[in-house]
Amino acid sequence: MAAPARARVIICCGSGGVGKTTTSAALAIRLARSGARVAVLTIDPARRLADALSVGDIGNTAFPVPVPDLPPGAALHAMMLDSKRTFDDVVERFAGGADARDRILRNHYYRFVSTRLAGAHEYMAMEKLYELSSSGDYDLVVLDTPPSRHALDFLAAPEKMVNLMDEGVMRWLVLPASRGGWRMIEKGSDILAKVLRTMLGERTITDIAEFFSAFQSLWEGFRQRSLDVRELLRSPDTRFLLVTTPAPGARAEALHFLEVLQRSHMPFGGFLINRCAVAPIHAGPPRFGPAPANVPEPGYAAMIAALSEGPDRRRRLVAAQEGAIAELRAHAPGAAPIWRIPEMDEEVHDLAGLDLVGKYLPDATALAEVRP
Ligand SMILES: Nc1ncnc2c1ncn2[C@@H]1O[C@H](COP(=O)(O)OP(=O)(O)O)[C@@H](O)[C@H]1O
Ligand SMILES: [Mg+2]
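Just so we're clear, the structure is a prediction, and the values are computed from it rather than from any experiment. (Residues numbered from 1 in each chain as written. Chains lettered and ligands numbered in written order. Predicted model: local features only at pLDDT ≥ 70, side-chain atom pairs only at ≥ 80, totals over all residues. Heavy atoms only, no water.)

A.B. asks: Now, about the packing of aromatic side chains: what can you tell me, with residues and values included?
C.D. replies: Tallied over the full model, the rule gives two aromatic pairs. An angle of 85 degrees between the planes, with centres 5.4 Å apart, marks the rings of Phe87 and Tyr110 as edge-to-face. Separated by 23 residues along the polypeptide, Phe87 in helix α3 (residues 83-94) and Tyr110 in helix α5 (residues 108-116) bring together distant segments of the chain. With respect to burial, Phe87 and Tyr110 carry one shared label: buried. (Phe/Tyr/Trp six-rings, centres within 6.5 Å; stacked < 30°, edge-to-face > 60°. Helix = DSSP H or I, 4+ residues; strand = E, 2+ residues; numbered from the N terminus. Buried < 20%, exposed > 50% of the residue type's maximum accessible area, 1.4 Å probe, protein only.)

A.B. asks: Summarise a negative patch on the surface; cite the residues concerned and give the values.
C.D. replies: Together, Asp345, Glu346, Glu347 and Asp350 give the surface a local cluster of negative charge. Here Asp350 lies in the loop between β8 (338-342) and α15 (351-358). (Patch = residues over 30% accessible without salt bridge, like charges linked within 9 Å, V, L, I, M, F, W, Y side chains within 5 Å. Areas by Shrake-Rupley, 256 points an atom, 1.4 Å probe, with all protein chains shown as cover. Salt bridge = Lys/Arg side-chain N within 4 Å of Asp/Glu carboxyl O. Lys, Arg positive; Asp, Glu negative; His and termini not counted. Charge placed at Lys NZ, Arg CZ, Asp CG, Glu CD.)

A.B. asks: Pulling in residues and values, what's your account of the nonpolar core?
C.D. replies: Note on soluble globular proteins: their nonpolar side chains tend to be buried together. Of all hydrophobic cores here, the largest spans 60 residues; its most connected members are Phe87 and Phe271. For this core, the leading source of residues is helix α6 (residues 120-133), giving eight residues. Once residues within four sequence positions are removed from consideration, Phe87 is found in contact with Tyr110, Val113, Ser114, Ala120, Met124, Phe215 and Phe222. The next biggest cluster of nonpolar side chains, apart from the first, holds 39 residues, and it includes Ala25, Ile29, Val67 and Met80. (Core = buried A, V, L, I, M, F, W, Y, C linked by side-chain atoms within 4.5 Å. Contact = heavy atoms within 4.5 Å.)

A.B. asks: Provide a residue-level description of unusual backbone geometry, including the pertinent values.
C.D. replies: Not every positive phi belongs to a glycine, and Asp69 is a case in point at roughly 60 degrees. Along the polypeptide, Asp69 turns up in the loop between β3 (63-64) and β4 (75-80). A residue is classified by how much of its surface remains accessible, and Asp69, at 72% relative accessible area, is exposed. For Arg275, which is not glycine, the phi torsion reads 60 degrees and is therefore positive. Along the chain, Arg275 falls in strand β7 (residues 268-276).

A.B. asks: Describe the site of ligand 1, listing the residues and the values that go with them.
C.D. replies: Looking at ligand 1, there are 14 residues lining it, with Gly17, Lys20, Thr21, Thr22 and Asn274 nearest. Note that an oxygen atom of ligand 1 is positioned 2.9 Å from one of the backbone N or O atoms of Gly17. Within the contact set of ligand 1, an oxygen atom lies 2.9 Å away from a backbone nitrogen or oxygen of Gly19. Protein chains bury 83% of the 560 Å² of accessible surface belonging to ligand 1 in isolation. Only α1 (20-33) and β7 provide two or more residues apiece to the shell around ligand 1. The element best represented in the shell around ligand 1 is α1, accounting for three residues. Considered class by class, the residues forming the shell around ligand 1 number four nonpolar, five polar and five charged. (Near = heavy atom within 4 Å. Polar contact = N/O pair within 3.5 Å; in protein donor to acceptor, adjacent residues only side chain to side chain. Nonpolar A, V, L, I, M, F, W, Y, C, P; charged D, E, K, R; others polar.)

A.B. asks: How would you explain the sheet that holds strand β6 (residues 238-244) if you had to name every residue and give the values?
C.D. replies: Reading across the sheet, the eight strands line up as β3-β4-β2-β5-β1-β6-β7-β8 and stay open at both edges, with mixed pairing between neighbours. In this open sheet, the two edge strands, each paired with only one partner strand, are β3 and β8. By the bridge criterion, two bridges tie β3 to β4 in an arrangement that is antiparallel. In the strand pairing of β4, Phe63 is matched with Ala78. Packed on one face of the sheet, α6 meets β1 (8-13), β2 (37-42), β4 and β5 (140-144) and runs near 165 degrees to β5. Strands β6, β7 and β8 of the sheet are contacted by helix α14 (residues 297-331), whose axis makes an angle of about 165 degrees with β7. (Pairing = 2+ DSSP bridges. Axes fitted to C-alpha atoms, helices over the stretch in contact; angles between N-to-C directions.)

A.B. asks: Can you tell me about the pairing of β6, naming the residues and giving the values?
C.D. replies: Buried residues dominate β6, accounting for seven of its seven residues. Here β6 shows a buried face lined by Thr238, Phe240, Leu242 and Thr244 and a second buried face lined by Arg239, Leu241 and Val243. One ladder, built from five bridges, connects β1 with β6; its direction is parallel. Counterpart to Cys12 in the pairing with β6 is Leu241. Pairing between β6 and β7: five bridges, direction parallel. Across the sheet, the residue bridging to Leu241 is Gly270, located in β7. Once you follow β6 into helix α13 (residues 248-263) and on to β7, the crossover reads as right-handed. (Right-handed = clockwise from strand over helix to strand, strands pointing away.)

A.B. asks: Talk me through the environment of Pro68; I want residue IDs and the actual numbers.
C.D. replies: Mapped onto the elements, Pro68 comes out in the loop between β3 and β4. Residues Pro68 and Leu351 lie 283 residues apart in sequence; the distance between their C-alpha atoms is 9.3 Å. Discounting chain neighbours no more than four positions away, the residues touching Pro68 are Arg33 and Leu351.

A.B. asks: With reference to specific residues and values, describe a nonpolar patch on the surface.
C.D. replies: Together, Phe288, Met303 and Leu307 make up an exposed nonpolar region whose accessible area comes to about 270 Å². Within the secondary structure, Phe288 sits in the loop between β7 and α14. The class of Phe288 is partly exposed, set by a relative accessible area of 35%.

A.B. asks: So what's going on with the state of the cysteines? Residues and values would help.
C.D. replies: By the definition in use, this model includes zero disulfides. We note that Cys13 lacks a disulfide partner, and the nearest cysteine sulfur, in Cys12, lies 7.6 Å from it. (Disulfide = S-S within 2.5 Å.)

See the structure below:
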């Protein structure tokens, strides 16, 4: 039987707080409204948004979002990443037997690796993305990205996994276990043993050794999967959208992202400029009538003077932001598309708000037309 068609992948990245979670959810709804079967993988959405997407307490499985009036055949599923459970599932899949699986899942060091090891969260987002996109259930999968300390960690995560394995770090760590070497270190009174014990604690050394020796059975599967994930990120059907605001800090970060994407040959799909100022509807200064009878004249004049400045100030802000956007575009390759999303009157936390944001986002056709 032929493998199911792989979904196209859209990854929304950018620095913290610029609106990645919001735009990825809004984009997913927009794409579903244009008839596609869409899954969105969100990472730590705010409580109210999670509720709106029906991913409140149930993590790690994609559930249907009750979007009203979707066209026939279209669907929207959402899930919230639970990186520990994803890691457990990976172990389950590649362990090759209940024994090996249980040895790993019960291991103390595994608990550390699967929850706190640098990059584990990022890697699991990629793993889940791969799983959703190759399930055959979707035409498009939208990925929100984790708020990493270093925002691009997740791009390098599959590489790191492969390198870790290729460099034989694991083999090195496994060796002493099979020869009783770790036990010697543990029992030893030399300085190395003392340092290790202080750093890791008495139990941990055995745990680490056991973990790596149990993990050996997963090795090949895990390594191959990392390579597949790496290939998915560079696939011609994948698009990276850089989310930013017009603010200087966010823009600088976006340019840095762009550089890394290009250097790593990841397909850039365009900028989503979130929270743009909106120009006043009327040209010229606002007009005011004479002061009402019960308002003292000097106070009224001061108020009018302040209000009259408003539209001009806003026009200047819009012009400054447009200048900043032009600068971004100048740094981008070819004719990089730019989608502007206005600053909304309130936070975006329900389906209606997401639909509103979605109006400013590309549909499936527009995204497919972007040549990286
Ligand atoms: N265009 C917008 N207008 C108004 N509020 C917005 C807009 N985009 C995002 N927000 C709000 O900004 C906050 C941060 O957005 P979020 O999507 O969680 O950012 P990130 O995922 O990049 O950290 C949220 O409270 C969200 O509702
Ligand atoms: Mg977020």
